[in-house]
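One-letter residues, chain by chain:
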Amino acid sequence: MYLKKRDRFFRSILLASLLAILATACAPKVHPAFESNKHIRGMKQHFLNEKLNVYHTTFGDVRYVTDRDSLESQLEGLPLNKVLAYARTEVPPIYEYYLLAGPKRGRLDLDAYDRVHDTVLRGRHWVFLGRGLEGDVFPQTDFQGITGSIEAGGRDYLSRVSPLPEIVLKYGTSASFLQAYSEIEAYPVKGELEEDYQQQMELTYLSMLGDNSWYREVLEAREARYPRRAEVVDALREEGLSGKDEVLEELLSRTKAEQVVMLSENHFVPCHRILLNELLPGLRDQGFQYLALEALSQDSLLNAGADPNLETGFYTREQHFYRLIRTAQALGFEFVSYETEHGDRELGQAQNLYRKTFGKDPDARVVVLAGLAHVYESEGGSRTRMAQHFKTLFGIDPLTVSQTDLDHYRDEIDSKLVLIPSDSLERKRFRRVDLQVVNRLDWGYPPGDFTFSNTYGRPLQMSLYETAGWKSDYGYLGDIPEFSALLMPGASFSVELPEGTYQVILLDREGKVVHNEPVQRGAER
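In what follows, the accompanying structure is described.

Rules used throughout
- Residues numbered from 1 in each chain as written.
- Predicted model: local features only at pLDDT ≥ 70, side-chain atom pairs only at ≥ 80, totals over all residues.
- Heavy atoms only, no water.
- Helix = DSSP H or I, 4+ residues; strand = E, 2+ residues; numbered from the N terminus.
- Buried < 20%, exposed > 50% of the residue type's maximum accessible area, 1.4 Å probe, protein only.
- Contact = heavy atoms within 4.5 Å.
- Areas by Shrake-Rupley, 256 points an atom, 1.4 Å probe, with all protein chains shown as cover.
- Lys, Arg positive; Asp, Glu negative; His and termini not counted.
- Charge placed at Lys NZ, Arg CZ, Asp CG, Glu CD.
- Pairing = 2+ DSSP bridges.
- Axes fitted to C-alpha atoms, helices over the stretch in contact; angles between N-to-C directions.
- Core = buried A, V, L, I, M, F, W, Y, C linked by side-chain atoms within 4.5 Å.
- Parallel < 35°, antiparallel > 145°, perpendicular 65-115°, else oblique.
- Nonpolar A, V, L, I, M, F, W, Y, C, P; charged D, E, K, R; others polar.
- Salt bridge = Lys/Arg side-chain N within 4 Å of Asp/Glu carboxyl O.

When helices and strands are tallied, the protein chain shows 14 helices and 23 strands. Projected onto the principal axes, the alpha-carbon positions of the protein chain cover approximately 115 × 55 × 45 Å. Relative to its full complement of 525 residues, the protein chain shows a buried share of 52%. Within the protein chain, counting contacts between residues at least 6 apart in sequence, those at least 24 apart form 69% of the total. Approximately 24,700 Å² of the protein chain is accessible, and the part contributed by carbon and sulfur atoms is 49%. Mean positive and mean negative side-chain charge positions of the protein chain (61 and 78 charges, respectively) differ by 11 Å.

Our focus in this paragraph is the sheet that holds strand β19 (residues 460-466). Two modes of strand pairing occur in sheets, parallel and antiparallel, and in both the strands are linked by backbone hydrogen bonds. Taken in spatial order, the four strands line up as β20-β19-β22-β23 in an open sheet, and their pairing is antiparallel. A strand with exactly one partner marks an edge of an open sheet, and here the two such strands are β20 (483-487) and β23 (513-518). Geometrically, the sheet is characterised by an average inter-axis angle of 15° between neighbouring strands, direction not taken into account.

Here we take up the sheet that holds strand β8 (residues 124-132). Taken together, the five strands give an open sheet; going across it, the order is β4-β5-β6-β8-β7, and neighbouring strands pair in antiparallel fashion. Either end of the sheet is taken by a strand with one partner, and the two such strands are β4 (62-64) and β7 (115-121). Within the sheet, the average angular offset between the axes of one strand and its neighbour, ignoring direction, is 20°. As paired strands, β7 and β8 are joined by seven bridges and run antiparallel to one another. Considered in β8, the bridge of Thr119 is made with Trp126. Packed onto the sheet, helix α2 (residues 68-75) meets β5 (83-89) and β6 (95-101) and runs at close to 80° relative to β5.

Right, let's get into the nonpolar core. Tyr205, Leu263, Leu275, Leu276, Leu291 and Leu293 are the most contacted members of the largest nonpolar core, which has 69 residues in total. Here this core gets seven residues from one element, more than from any other, and that element is helix α10 (residues 271-285). Look past the residues within four positions of Leu291 in its chain and what remains in contact with it is Leu276, Leu280, Ala328, Phe333, Glu334, Phe335, Val336 and Val367. Grouped together as the second largest cluster of nonpolar side chains are 21 residues, Tyr338, Ala350, Val368 and Phe390 included.

This next bit is on the side chain of Ser484. Tracing the backbone through its elements, the reader meets Ser484 in strand β20. For Ser484, the residues in contact, after removing those within four places along its chain, are Phe177, Met208, Leu209, Gly210, Gln319, Gln461, Met462 and Ser463.

We now examine the pairing of strand β11 (residues 260-265). Regular strands place side chains that alternate from one sheet face to the opposite one. Within β11, six of the six residues are buried, which leaves the element mostly enclosed by the surrounding structure. Burial along β11 is two-sided: Val260, Met262 and Ser264 and Val261, Leu263 and Glu265, pointing in opposite directions, are all buried. Where β11 and strand β14 (residues 366-371) come together, six bridges link them in parallel fashion. The residue bridging Leu263 from the neighbouring strand is Leu369, located in β14. Bridge count for β11 against strand β15 (residues 399-402) is three bridges, and the pairing is parallel. Looking across to β15, one finds that Val261 is bridged to Leu399.

Another aspect to go through is the packing of α10 against helix α12 (residues 319-331). It is the contact of α10 with α12, at a shortest axis distance of 9 Å, that shows an interaxial angle of 5°. Here α12 runs roughly parallel to α10, going by the angle between their axes. The residues of α12 that touch α10, namely those facing Arg273, Ile274, Leu276, Asn277, Leu280, Pro281 and Arg284, are His320, Phe321, Arg323, Leu324, Thr327, Ala328 and Leu331. Looking at the contact of α10 with α12 residue by residue, the classes come out as eight nonpolar, three polar and three charged.

Following the criterion strictly, the structure yields 26 salt bridges and no others. Notably, a salt bridge pairs Glu50 with Lys38, separated by 2.8 Å at the nearest N-O pair. Of this pair, Glu50 sits in the loop between β2 (44-49) and β3 (54-59) while Lys38 is found in strand β1 (residues 37-41), placing the two residues twelve residues apart along the sequence. Since its relative accessible area comes to 40%, Glu50 is described here as partly exposed. Here Lys38 falls in the partly exposed class, since its relative accessible area comes to 40%. In this structure, the salt-bridge partner of Arg237 is Glu412, at a minimum N-O distance of 3.6 Å. Remark: Glu412 occurs in the loop between β15 and β16 (417-421) and Arg237 occurs in helix α8 (residues 230-239); sequence separation between them is 175 residues. The class of Glu412 is partly exposed, set by a relative accessible area of 26%. Taken together, the salt bridges that share partners define one network made up of Asp196, Arg222 and Arg225.

This is a description of form; function is not addressed.
This is the structure we're talking about:
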């Protein structure tokens, strides 16, 4: 009897051990809740899984594997299980990290990972694993930022996820500029990074509504944090070349012998596009034939003669950008889109720019309009910018003109334009380009044969569309307005309309059309 009991006891222990081993061996590589993952990219990248009720953040330059088959392939041969998320950075330092949810401990081998964070939250075991790739080190601060942000089991973590990128994306191909601004402005931001992003997007959509008081108020608040240095003001006034005609003439005299001219723009300052629009005829006469625009989503349709539309680019919906493209089309420029969404953005832009111009046409002459710091020819902080990559890789030294470095000095000058060589400025940060320009060009319109007044008692967006090719009063859907303005109650908009037939559309802050009728030239409404 005793021997039988002992045998049953040992058999039960053996069976339990076998079952434990089998359970461990059968633990899935990819967690069953993998398909519930969500990734929201903003200033940070937000990871959340509502099924497991877990949330954390990473930096915005990581890319997650979002397909189960791809992740299973990635995990093949690795002693890991229950992997809920895997991501790696796209720009240096290159590293990867894994998040495991309730893994089977006996099947884990953690020796290959530089960074390990093992914790239990709300009764569930979580493991973060990270390691550097391609010779790079996974920075401890990055790893701590990721692991320190994890929340599990709570109900308020979704409130930490900003829908601002989603709002911006939602309106990315819309001409309801006032509605987009209103929704972005109303969102309760959390923290300085989100506030900065919100402010940029507010300015972007307000700039699409013409020169207006709301835009000026937000811009003034943003630029209040930028210092105005006395030595810079003195240099602009004493050594700068002043006057619109004088600056345009000087710029064109400097571009004559150049292969590449790069100008910077701030994406929410329309007068930067107006300057290039003024230069285009002279540049075309000098033999420049390519116009490379960072803001273009694609170039083939424009080069085939199609009109720009709401899908041409995010920023090209602004009326002066639209007008710049139309001018370039009339002059016979070939458009070049060179933006990249993968890897090192600066390097990718430089490679795309060369490939689509000099790579096929060694005699090319190229005009580039790029955002902010992309035109820097020397180190901007710790990053190598597009212009520097282009110069180093391909041996072509572009003429670089910044309209953005000194933009906040515009109220310190009296002229519409001031140009100053960068070597006339003491501070090294202003010498990363060849020329600095302060641009105060008007981006409103003188009164003309069309006038419209807002009698509706609330702020409205007024847009004027050229109606050629329309088949109904709703032909504006998909088109970029020729003119847009923010009209306060009782305010008027007046402009001299080009030849053609036009429709005036009024939109409220919810995007509803409150007025839609053909334009009567010479009549006030």
